[in-house]
Amino acid sequence: MDKNIKQTRKERIDRGIFVRSADIFALSSWQEITYLVLPRVIPFALLLVLPLVLEFSGNSYWAKVMVVLSILGMMAMSWDLLRMAGMFSLGQALFLGLGSYVAAALNHYFHWPIYLTIPAGAIGGALLGTTFLMGTLKLRGIYFAMVTLAFPMLVIRVIQATNFLGGTEGVSAAAFPNYWVAAYVSIAGLIICFFGLRRMMNSDWGLVARAIGQDDIAVMASGINVFWRKVQVLFIASGVAAFAGTLMTHLLMYAGLSSFSLEYSILPVASVVIGGSGNFAGALLGSTLLTFATEALRDLGPLRIALYSVLMVVFALTIREGIFPYIERRYRQFERKVDAI
Amino acid sequence: MAGLLIFGLAKSMELALVAIGFSFVFSISGIANFAYGAFYLLGAFLTYIFLNWLGLPYWISAIGSILILFVIGALMYRFAVQRIRGAMLSEVIVTMGLGIFITEMLRATGFIGHNRYLPAFIPGYVEIAGIGIENQRLMIILIGMLLFLSLWAVTRYTRIGLAFRAMSQDELTALSIGLNNNYLALISMGIGAALAVIAALCIIPQGFLTVDGAYDVLIYALAVGVLGGLGSTTGIIIGAFIIGYAQTITATLFSSQWVMVVTFLAVVLVLFIKPSGIFGKQKELEEKV
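Below or above, wherever it landed, is the structure these notes cover. Computed from a predicted structure; not experimentally measured.

We now examine the overall build of chain A. Counting its secondary structure elements, chain A contains 14 helices and 4 strands. A compact globule built from 341 residues should have a C-alpha radius of gyration of about 20 Å, and chain A, at 22 Å, falls within 12% of that. In terms of overall dimensions, chain A has a C-alpha envelope of 75 × 55 × 40 Å along the principal axes. Looking at chain A residue by residue over its 341 residues, the buried ones come to 47%. Partitioning the intrachain contacts of chain A with sequence separation of at least 6 by distance along the chain shows that 77% fall at a separation of at least 24.

What follows is the structure in structure tokens.
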């Protein structure tokens, strides 16, 4: 090493407040309680309050965006859940579309009321999605990605060809009774999914699911039925996405082929890649950013999807961890340069 | 009946041509090139530009776009995929993202809404057993056979072909006997992109040049690959023949609307019975869980 060049390296040190608030003594000071509580409360407080603020201030367009935000957030979380269990899906739109169509069909042909079609659509979509993809679960990795990419596109072609379920026209469905039901059902769904999935992934069951994503052969060697566990994860993830699909049906008042479109497969992937994966908060952050980007860039039309894909590639190549882990690290630690020895 | 046989053969060759470029890259470097459809479209678009805007002769524009796409495929490997090689999720995201970017940019540049088409190699048709068959279909059968024969010969009798096979069998061992895995993967990506253009030049003259064709090609490549077993050339040919004849028979006996349904059912059925595809043998031990 050349002695004349002064070499430095970055050192990361935990912030004092992060260390002090790590255990029960955090309760002894307001600062530390605020440090702990604020980042956990603010996003959800905003989610709950924003529909009220937007609707009463007359921004009913942006108020509707909140529903779209919850739908995309749930899609991104369900994608993240599948990814944790080692299933890289490129066709999240399949689940969205299935949930959407089941809800619309039950509403349109059988006149089920909206409070029945939403749960029925979520469960029905999850059952159908799991059945379709069960075969691929026996294979690892890239196969799942390929098959899931092809599936929604094939379903579109099948519906177009057979005129099944309204063909290219789609199926009309009832609207939400009013804005408040739409907003708060979807936001409640989002929050329940967020905390529920986090809790689930931290339980023993979730530990096994994560382990399958990292080394399925080791899990198999521990005497756990990997296939059955994967089916369970797939069922839950497709249920979450199908629930989002039912909400979309009733928001747009119809279920159409567009719910199977590539855009809905790419958005969750882009959200998680941009936001950061592993704890659902990144998925939520990424989907929020992308939702607002989508609304701001309405004029661009089809170019938007090109933009998402470029963002996704840039993040995958350079900022691999995503935004949320970066923010989280800066919140907990600071960096300084020290002499390299 | 003779018509059914010949049309089915042409359709199967078409599917095999579409699938081989994807499968070639996948079997050698293990990279699923989701930008395949975009390469297909880009190659066709470049040929169109060379032909109609620059007024070049057909063979120069065809060979030119094949070479350009070879370079684009290689560059994509060098500057995007190589950086994240081995991280499967990132590979998928990068190739998929770039593919969608290329496709949607072509859509945004006003590519859609015009009836743009590429000329056939030899226009006109010949009559065989009382049925008129376009020359293009016969050319597809011929080119497909030549291509598969030459791929077979290259991978068995040339140095780089043997190196490809070594790498597809075991990359680490290939590395340990001094093969440059990055170079080989780069060349295979280039060849994959070039094969996509060849498929485009064969297939697009039968219809129009549409942006959605890029996604269709990707679906067909995946369907054939999943059915026959990715990474196995025999599997690709068998898969293409199954889907090709199934489609032709459906189109003749029922109606052309049901073609996609049959493809879909075939894929779902094979996935349930043998998830690695009909000939996907080498994946069974390692990949099956």
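Moving on, we get to the overall build of chain B. The helix and strand inventory of chain B stands at 12 helices and 2 strands. Counting from the amino terminus, chain B carries its helices and strands in the arrangement α-α-α-α-β-β-α-α-α-α-α-α-α-α. Taken against the 2.2 N^0.38 rule, which gives 19 Å for 289 residues, the C-alpha radius of gyration of chain B at 19 Å falls within 12% of a compact globule. With respect to the principal axes defined by its C-alpha atoms, chain B has extents near 60 × 50 × 35 Å. Classification of the 289 residues of chain B by burial places 49% in the buried group. Sequence-distant contacts in chain B: of pairs separated by 6 or more residues, those separated by 24 or more amount to 73%.

Of the residues lining the interface, 38 residues belong to chain A; the matching set on chain B comes to 38 residues. For the side of chain A that touches chain B, the secondary-structure elements that each account for two or more residues are α6 (142-162), α9 (216-221), α11 (262-275) and α13 (303-317) of chain A. Top contributing element to the side of chain A that touches chain B by residue count: α6(A), with 12 residues. Grouping the constituent residues of the side of chain A that touches chain B by class yields 29 nonpolar, 5 polar and 4 charged.

So, about helix α10 (residues 233-253) of chain B. Residues and elements named next belong to chain B. In this model α10 runs 30 Å from its N-terminal to its C-terminal C-alpha over 21 residues, within 8% of the 30 Å that 1.5 Å per residue would give. All buried positions along α10 are accounted for by T233, G235, I236, I237, I238, G239, A240, I243, G244, Q247 and T248. Buried residues along α10 sit in contact with α1 (2-29), α5 (135-157), α9 (212-228) and α11 (259-273).

So, how was this worked out
- Residues numbered from 1 in each chain as written.
- Chains lettered and ligands numbered in written order.
- Predicted model: local features only at pLDDT ≥ 70, side-chain atom pairs only at ≥ 80, totals over all residues.
- Helix = DSSP H or I, 4+ residues; strand = E, 2+ residues; numbered from the N terminus.
- Rg over C-alpha atoms; globule rule 2.2 N^0.38 Å.
- Buried ≥ 20, exposed ≤ 12 C-beta atoms within 10 Å, placed from the backbone.
- Contact = placed C-beta atoms within 7 Å.
- Nonpolar A, V, L, I, M, F, W, Y, C, P; charged D, E, K, R; others polar.
- Expected span 1.5 Å × (residues − 1).

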